[in-house]
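# Report on the structure
Residue-level listing of the chains:
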Amino acid sequence: MTTANETKRSITLSDISVTYYGRASEVRAVRNCSLSVGKGDVVGLVGESGSGKSSILMAIPRLLPVGTKVTGSVMCDGEELTGMSERELNVRRWRRVALVPQGAMNSFTPHLSIERHITEALEHHLGISRTAGRARAAELMDIVDLQRGILTRYPHELSGGQKQRAALAVALACDPDFLLADEPTTALDVITQKEVLQTITRIVRERDMGLLLVTHDLPLAAGVCDTLLVMKDGCMVESGPAGDVAANPKHPYTKTLIEAIRYMETESSS
Ligand SMILES: Nc1ncnc2c1ncn2[C@@H]1O[C@H](COP(=O)(O)OP(=O)(O)O)[C@@H](O)[C@H]1O
Ligand SMILES: [Mg+2]
């Protein structure tokens, strides 16, 4: 039987709009969008570049540039995040909702080892000592399918796929309930992309986490997600079970997205 408490284990966005203000213009990047990711759900948010995917994702932990206007509601496990102070939000970031940001593999600090990236996160967010953090760092390498020897290496000594797995390990450090991953595999070759994505979804399913996966690659997302949400020009134009959206797209834009990726794959293999 599902208790009231269990039914609240989700991130739910209702009627979210995001507007950026430039010197002379404003950009309405997200327009009245709603979505929900429950624990155990793997949800793909797809759309072409500039459709508003990163903006909506970053609105969840409220990590958008200062001055950006966000309206609507962001609920996490029954708590309203909008209106919370930075201090209150900081307790929830990393522990409740962790982020693998776009370009995560380039966001490492060059002079810190992979282990230090993890132990710093543990120290900063959970108050775990560096010594105690080392054991957790080793465990995280096992979880993301990396050799423990990687821990002593520096970011530039890793391949693209290893770096992305290490970025995932950092995001998982505080054992979050929800993972937000923004184009986590875009910079990788096709085979490594699939492998890393399989690792992410395996971890999410094994730990009964919720995943919001942002990607411009609809077929790739359809292969690993339960649900797909399609964004165009800041609006959600289609949503449904991943298999249905990929096999029977209702919106012409969704069809275009599928065909564009297929075309690119044919071109690159010919
Ligand atoms: N910091 C910003 N300032 C102004 N406009 C922005 C900013 N970030 C994104 N945008 C604009 O918002 C729209 C949506 O961008 P984004 O959310 O990054 O899309 P996606 O992740 O789907 O590529 C685009 O038109 C983009 O140019
Ligand atoms: Mg983006």
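Residues numbered from 1 in each chain as written. Chains lettered and ligands numbered in written order. Predicted model: local features only at pLDDT ≥ 70, side-chain atom pairs only at ≥ 80, totals over all residues. Heavy atoms only, no water.

### Some remarks on the site of ligand 1
To be explicit about the condition: We call a residue near a molecule or strand whenever a single non-hydrogen atom of that residue lies within 4 Å of it. Under this definition, polar contacts are N or O atom pairs within 3.5 Å; protein pairs additionally need one hydrogen-donor-capable and one acceptor-capable atom, and for neighbouring residues in sequence, both atoms have to be side-chain atoms. Only the protein chains shown count as cover for residues, and the accessible areas themselves come from Shrake-Rupley with a 1.4 Å probe. Each helix is a run of DSSP H or I of at least 4 residues and each strand a run of E of at least 2, with the numbering of both proceeding from the N terminus. Following the grouping adopted for this structure description, the nonpolar residues are Ala, Val, Leu, Ile, Met, Phe, Trp, Tyr, Cys and Pro, the charged ones are Asp, Glu, Lys and Arg, and the polar ones are all others, Gly among them.
Ligand 1 sits among Tyr20, Val27, Ala29, Glu48, Ser49, Gly50, Ser51, Gly52, Lys53, Ser54, Ser55 and Pro65. Taking Lys53, its side chain carries an N or O atom lying 2.8 Å from an oxygen atom of ligand 1. In isolation ligand 1 exposes 560 Å². Once the protein is present, 61% of that is buried. Counting residues per element, the ones that place at least two in the shell around ligand 1 are strand E2 (26-38) and helix H2 (53-59). If one sorts the elements of the shell around ligand 1 by residue count, H2 sits on top with 3 residues. A breakdown of the residues in the shell around ligand 1 according to their chemical character gives 4 nonpolar, 6 polar and 2 charged.

### A short note on the domain arrangement of the protein
For the record, the criterion: Note that domain bounds follow an automatic or database assignment of domains. Throughout, a residue-residue contact means that at least one pair of heavy atoms, one from each residue, lies within 4.5 Å. As used here, buried area is the combined drop in accessible area, with a 1.4 Å probe, of two parts when they are placed together. Only one rule defines a salt bridge in this text: a Lys or Arg side-chain nitrogen within 4 Å of an Asp or Glu carboxyl oxygen.
We note that the domain assignment places domain 1 (1-89 + 178-241) and domain 2 (97-175) within the protein. On a C-alpha basis, the centroid separation for the pair domain 1 and domain 2 is 22 Å. Across the contact, 25 residues belong to domain 1 and 18 residues belong to domain 2. Buried area between domain 1 and domain 2, both sides added, is near 1700 Å², and the carbon and sulfur share of it is 66%. Three residues stand out in domain 1 for area buried against domain 2, namely Leu179, Ile203 and Arg207, and they jointly supply 24% of the buried area on that side. Along the contact surface separating domain 1 from domain 2 lie 2 salt bridges. Note that Asp175 and Arg207 form a salt bridge whose closest N and O atoms lie 3.7 Å from each other. Linking domain 1 with domain 2 are 9 residue pairs in polar contact (both at pLDDT 80 or more). Elements supplying a minimum of two residues to the side of domain 1 that touches domain 2: H2, strand E7 (178-182) and helix H7 (190-206). Among the elements that make up the side of domain 1 that touches domain 2, the one with the highest residue count is H7 (7 residues).

### Some words on the pattern of salt bridges
Two side chains that carry opposite charge are able to pair once their charged atoms sit near each other. One pass over the full model with this rule turns up 16 salt bridges. Between Arg92 and Glu79 there is a salt bridge, with the nearest N and O atoms lying 2.7 Å from each other. Placement of the pair is Arg92 in helix H3 (residues 86-92) and Glu79 in strand E5 (residues 79-80), with a sequence separation of 13 residues. With a closest N to O distance of 2.6 Å, Arg136 and Glu139 form a salt bridge. Here the residue Arg136 and the residue Glu139 both occupy positions in helix H5 (residues 130-143), the gap between them amounting to 3 residues, near one helical turn. Within the structure, one salt-bridge network assembled from shared partners comprises Arg9, Lys39, Asp77, Glu79, Arg92, Arg96 and Asp177.

### Topic: the layout of surface pockets
Counted only if it meets this: A 1.4 Å probe that fits into a set of points on a 1 Å grid over the protein atoms alone but cannot get out defines a cavity; an open set with protein on both sides within 12 Å along at least five of seven lines defines a pocket, and lining residues are those with an atom within 4 Å of a point. Grid points are joined across faces, edges and corners, and a volume is the space filled by probe spheres set on the points.
Each pocket or cavity is described by its volume, and for the largest pocket that value is around 430 Å³. Among the elements of the structure, strand E6 (97-100), helix H4 (114-126) and helix H6 (160-172) are those that each provide at least two residues to the lining of the largest pocket. The element that contributes the greatest number of residues to the lining of the largest pocket is E6, accounting for 4 residues. Of the residues that constitute the lining of the largest pocket, the class distribution is 15 nonpolar, 3 polar and 2 charged.

### Quick look at the packing of H6 against H7
Where we set the bar: Helix axes are fitted to C-alpha atoms over the stretch in contact, other axes to C-alpha atoms as well, and angles between N-to-C directions run from 0 to 180 degrees. An angle counts as roughly parallel when it lies under 35 degrees, as roughly antiparallel when it exceeds 145, as roughly perpendicular when it falls between 65 and 115, and as oblique in every other case. Left-handed describes a crossing whose near helix is turned anticlockwise from the far helix through less than a right angle; right-handed describes the clockwise counterpart.
Running from N to C, H6 and H7 point in directions that differ by 15°, and their axes come no closer than 10 Å. The angle between H6 and H7 falls in the class roughly parallel. The two elements H6 and H7 cross, and the hand of that crossing is right-handed. Each of Gly161, Gln164, Arg165, Leu168 and Leu172 in H6 lies in contact with H7, whose residues at this interface are Thr192, Glu195, Val196, Thr199, Ile200 and Ile203. For the contact of H6 with H7, the class distribution of residues is 5 nonpolar, 4 polar and 2 charged.

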